[in-house]
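The primary structure of each chain is shown beneath.
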Amino acid sequence: MAAATDQSTKIPDLTDPQTFADGVPHEVFDVLREREGLYWQPAAFGTRNGGFWAVTRYADIVEIEKNSADFTITLGNQFPGSDGAFAALRDDMLVMDPPRHTKIRRAATAAFTPRVVANFDPWIREIVNEILDETLPLGEFDYIEAVARHLPARVIARVMGIPRDQRERIVKHVDAVFAATMAPDAGVSMFGVMEGFFGYAKELQETKLHAPQDDMVTALSQLVEKGDLDQNQYEQYVQLLVMAGYETTHTLIGQSMRMVVEDPEVAAAADKAVAEGNSTRLVDEFLRYTCPVMNMVRCATRDMEVFGETIRKDDVMQMYFTAANRDPAVFSEPHRFNPSRPETATLSFGSGAHKCIASALAKLEVSILFEELHARGVKLELNGEPGRGQNVWINQLHSLPVRVIR
Ligand code: HEM
């Protein structure tokens, strides 16, 4: 497409989940990225000023994310819901600016450093093999249902210290929360679904304080006892870790396998990368390409002239990580899947103060999955139409029917 400078290209409604029904509209983002300034997308709901600025360039997003004084997260971290409706979640670090955010975030970061996470390898490998043993003998199955949903749910349950027989509860709860995020009154709906989970987090807290274990819920519960977290902050924390730990990783697992079974060139490149011991690089490239969290939001705290536009206070800056990951200013041949590419600094985990705390964990889970499939010599093929979700925020895949061919 001779996209680049084309001002006449019709831009679809980026607030409409239908726009994302057939896939991420990368040809549209290519056009927007090349235009001067930013693109204003009108929105009938979910923002204070009736729309959002679509930010598609890598450098612009990094600029916004490092400047929380001008671009706050406190009105909401996503669209819809970037109109202050998330005020109810004020004790969730996802909607806090520094310095308040810094202290709360610190409670969990040490548990997810690459060094700590590297020690999780043996038990994550056990979980991966447990799932493959349960699934592969079926011959035909839905990869999302059988693999993508179970792996991150079991891993985050283990990290948090949630008992085995309650792992399914996580999946059901998080699915309900993410469904609520697409409602026009997202903040209100989502909070309603979340409330049920807070009671559960409290039950877990009581159990862990009675019988402490080496897990995240115990650690967070003890911080409440010491007065470093308050009760609301604790409940929101447990919820955030469970949600963030499950949904995003399950999307990466599903979308990466979809690419493998749909495209023999991707399958060959993936095979080669794993055989050469480069599964981490492979996962980096899957992350760049599939970008599970397509975007996040910040809101302007004042009127200002920036990025070639007049930005008003409360204007929503919709940061399309998925577009930035294909920015030719950063990635050579950005629409080519290439696990050997030298550029690996994707925006799939965001940047700045809110950058994902557990990228090492997500990457390890998915690397091990590809390694263990490879070690077993397993090849899968598509066995029906994949079922995409319609969602303006997460690059969802609801089903991926596959068949084992070897
Ligand atoms: C493929 C998997 C994952 C992806 C794509 C992903 C992506 C993201 C993104 C885009 C953000 C927001 C960054 C920003 O606003 O700049 C984020 C934040 C966060 N993620 Fe992840 N994430 C993944 C896995 C995980 C896992 C496994 C956990 C927990 C165990 C986790 C916990 C968090 C938390 C707690 C935050 C909020 C950090 C803060 O507000 O300071 N994520 N993640």
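The structure we're discussing is the one just above.
Described below are features of the structure shown in this document. (Residues numbered from 1 in each chain as written. Predicted model: local features only at pLDDT ≥ 70, side-chain atom pairs only at ≥ 80, totals over all residues. Heavy atoms only, no water.)

### Focus on the sheet that holds strand 5 (residues 295–300)
Then comes step 1: Strand order in this open sheet of five strands is 1-2-8-5-3, and the pairing throughout is mixed. Sheet topology places strand 1 (39–42) and strand 3 (71–72) at the edges, where each strand pairs with a single neighbour.
Then comes step 2: Across five bridges, strand 5 lies against strand 8 (residues 316–320) in antiparallel orientation. In the sheet register, V297 faces strand 8, and the bridge partner there is Q318. (Pairing = 2+ DSSP bridges. Helix = DSSP H or I, 4+ residues; strand = E, 2+ residues; numbered from the N terminus.)

### Some details on the site of the ligand
Then comes step 1: Looking at the ligand, there are 31 residues lining it, with E65, H101, R105, H354 and C356 nearest.
Then comes step 2: R105 is positioned such that a nitrogen or oxygen atom in its side chain is 2.7 Å from an oxygen atom of the ligand.
Then comes step 3: In the model, an oxygen atom of the ligand is placed 2.7 Å from a nitrogen or oxygen of the H354 side chain.
Then comes step 4: Assessed atom by atom at 2 Å from the grid points, the ligand resides in the largest cavity.
Then comes step 5: Elements represented by at least two residues in the shell around the ligand include exactly helix 3 (100–109), helix 11 (231–262), strand 5 and helix 15 (359–375).
Then comes step 6: Ranked by residue count, the leading element in the shell around the ligand is helix 11, at seven residues.
Then comes step 7: Here the shell around the ligand is composed, by residue class, of 20 nonpolar, eight polar and three charged. (Near = heavy atom within 4 Å. Polar contact = N/O pair within 3.5 Å; in protein donor to acceptor, adjacent residues only side chain to side chain. 1 Å grid on protein atoms, 1.4 Å probe; cavity = no way out; pocket = protein on both sides within 12 Å on 5 of 7 lines; lining within 4 Å. Sits in = over half its atoms within 2 Å of the grid points. Nonpolar A, V, L, I, M, F, W, Y, C, P; charged D, E, K, R; others polar.)

### Let's talk about the environment of R158
Then comes step 1: Topologically, R158 is positioned in helix 7 (residues 150–160).
Then comes step 2: With 124 residues separating them in the primary sequence, R158 and L282 have C-alpha atoms 25 Å apart.

### A look at helix 10 (residues 216–226)
Then comes step 1: All buried positions along helix 10 are accounted for by M216, V217, T218, L220, S221, L223 and V224.
Then comes step 2: By the N-cap criterion, in which a side-chain oxygen at the helix start approaches the backbone nitrogen of a residue two or three places on, helix 10 is capped by D215, the distance to V217 being 3.3 Å.
Then comes step 3: Of the residues trailing helix 10, G227 is marked for its positive phi of about 85°. (Buried < 20%, exposed > 50% of the residue type's maximum accessible area, 1.4 Å probe, protein only.)

### Brief notes about the sheet that holds strand 12 (residues 401–404)
The pairing of strands in a sheet happens through backbone hydrogen bonds and is either parallel or antiparallel.
Then comes step 1: Here three strands make up an open sheet; going across it, the order is 4-12-9 and the pairing antiparallel. Both edges of this open sheet fall to strand 4 (140–142) and strand 9 (380–382), since each of them pairs with a single strand only. The average undirected angle you get between the axes of adjacent strands in this sheet is 35°.
Then comes step 2: Here three bridges tie strand 9 to strand 12, and the two strands are oriented antiparallel to one another. (Axes fitted to C-alpha atoms, helices over the stretch in contact; angles between N-to-C directions.)

### Focus: the layout of surface pockets
Then comes step 1: Taken as a whole, the largest pocket spans an internal volume of roughly 650 Å³.
Then comes step 2: Together, 32 residues line the largest pocket, and M259, D263, V266, Y289 and F337 are the ones closest to its centre.
Then comes step 3: At five residues, the largest contribution of residues to the lining of the largest pocket is made by helix 12 (residues 264–275). (Points joined across faces, edges and corners; volume = space filled by probe spheres on them.)

### Topic: the pattern of salt bridges
Then comes step 1: Taken as a whole and assessed by the stated rule, the structure comprises 30 salt bridges.
Then comes step 2: In this structure, R33 and D30 form a salt bridge, with 3.0 Å as the shortest nitrogen-oxygen distance. In this pair, R33 and D30 are both assigned in helix 1 (residues 26–34), three residues apart and thus about one turn of the helix distant. Residue R33 shares its accessibility class with D30, and that shared class is buried.
Then comes step 3: For R298, the salt bridge goes to E65, with nearest N and O atoms at 2.7 Å. Of this pair, R298 sits in strand 5 while E65 sits in helix 2 (residues 58–65), placing them 233 residues apart in sequence. Across the pair, E65 and R298 agree in class, each one buried.
Then comes step 4: One network of salt bridges, in which partners are shared, links E130, E134, R154, R164 and R167. (Salt bridge = Lys/Arg side-chain N within 4 Å of Asp/Glu carboxyl O.)

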